[in-house]
Amino acid sequence: RVKNSFVSKYVFWFLFSPVGQKEILQNFGGAAQGGINRRFVENVNIPIPVTKNDRLDLRRQILIAEYLDSIHNKVKQIEELQKLQLEKFKQLKESILSKA
């Protein structure tokens, strides 16, 4: 969970990014088991957009998260189309080889 000054989806996308993954790996640990704890939360640096008055800009966090959601959905659609095309290609190949 995130505090009111953060949009959870924005934080998710940051932590999912290569920079966020690096932050996680640098701060991931524990005595018996590695994990996310209070120390982790205090040490991870998440860039947060601010307004011209240096106030947290929740609207911009939402816009960034929505944009990344839409890009992610487009990537998933493209991956599905690639799978379908690959399957069609395999079927065509099998058909040609069986006729040869």
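Structure: above.
Residues numbered from 1 in each chain as written. Predicted model: local features only at pLDDT ≥ 70, side-chain atom pairs only at ≥ 80, totals over all residues. Heavy atoms only, no water.

Undergrad: What exactly am I supposed to notice about the pattern of salt bridges here?
TA: Between side chains of opposite charge, pairing is possible as soon as their charged atoms come close. In total, this model carries four salt bridges according to the counting rule given. A salt bridge links Asp 57 to Arg 60; the shortest N-O distance between them is 3.8 Å. Since its relative accessible area comes to 9%, Asp 57 is described here as buried. We note a salt bridge from Glu 79 to Lys 76, for which the minimum N-O separation is 3.6 Å. You can see Glu 79 and its partner Lys 76 sitting in helix α4 (residues 58–99), three residues apart, about one turn around the helix. Its relative accessible area of 33% is what places Glu 79 among the partly exposed residues. Owing to a relative accessible area of 42%, Lys 76 belongs among the partly exposed residues under this scheme. (Salt bridge = Lys/Arg side-chain N within 4 Å of Asp/Glu carboxyl O. Buried < 20%, exposed > 50% of the residue type's maximum accessible area, 1.4 Å probe, protein only. Helix = DSSP H or I, 4+ residues; strand = E, 2+ residues; numbered from the N terminus.)

Undergrad: Looking at this structure, I do not really get the packing of aromatic side chains. What am I missing?
TA: Centre distance and the angle of the planes are the two values used to describe a pair of aromatic rings. Under the criterion given, the structure shown has three aromatic pairs. Ring centres 5.5 Å apart and planes at 20° place the aromatic pair Phe 12 and Phe 16 in the stacked group. Remark: Phe 16 and Phe 12 occur in helix α1 (residues 8–16); sequence separation between them is four residues, near one turn of the helix. Taking the relative accessible area as the measure of exposure, Phe 12 reaches 39% and is therefore partly exposed. Relative accessible area serves as the criterion here: at 48%, Phe 16 is assigned to the partly exposed category. Through a chain of ring-to-ring contacts, three or more aromatic side chains come together here, namely Phe 12, Trp 13 and Phe 16. Over the aromatic face of Phe 12 sits the side chain of Lys 9, whose NZ or CZ is 5.4 Å from the ring centroid. (Phe/Tyr/Trp six-rings, centres within 6.5 Å; stacked < 30°, edge-to-face > 60°. Lys NZ or Arg CZ within 6 Å of the ring centre and 35° of its normal.)

Undergrad: So what exactly am I meant to see when it comes to the environment of Ile 46 here?
TA: Looking at where Ile 46 falls in the secondary structure, it is placed in the loop between α3 (38–43) and α4. Here the alpha-carbon distance between Ile 46 and Phe 14, two residues 32 residues apart in the chain, equals 7.2 Å. What Ile 46 contacts, discounting residues up to four positions off in sequence, is Tyr 10, Val 11 and Phe 14. (Contact = heavy atoms within 4.5 Å.)

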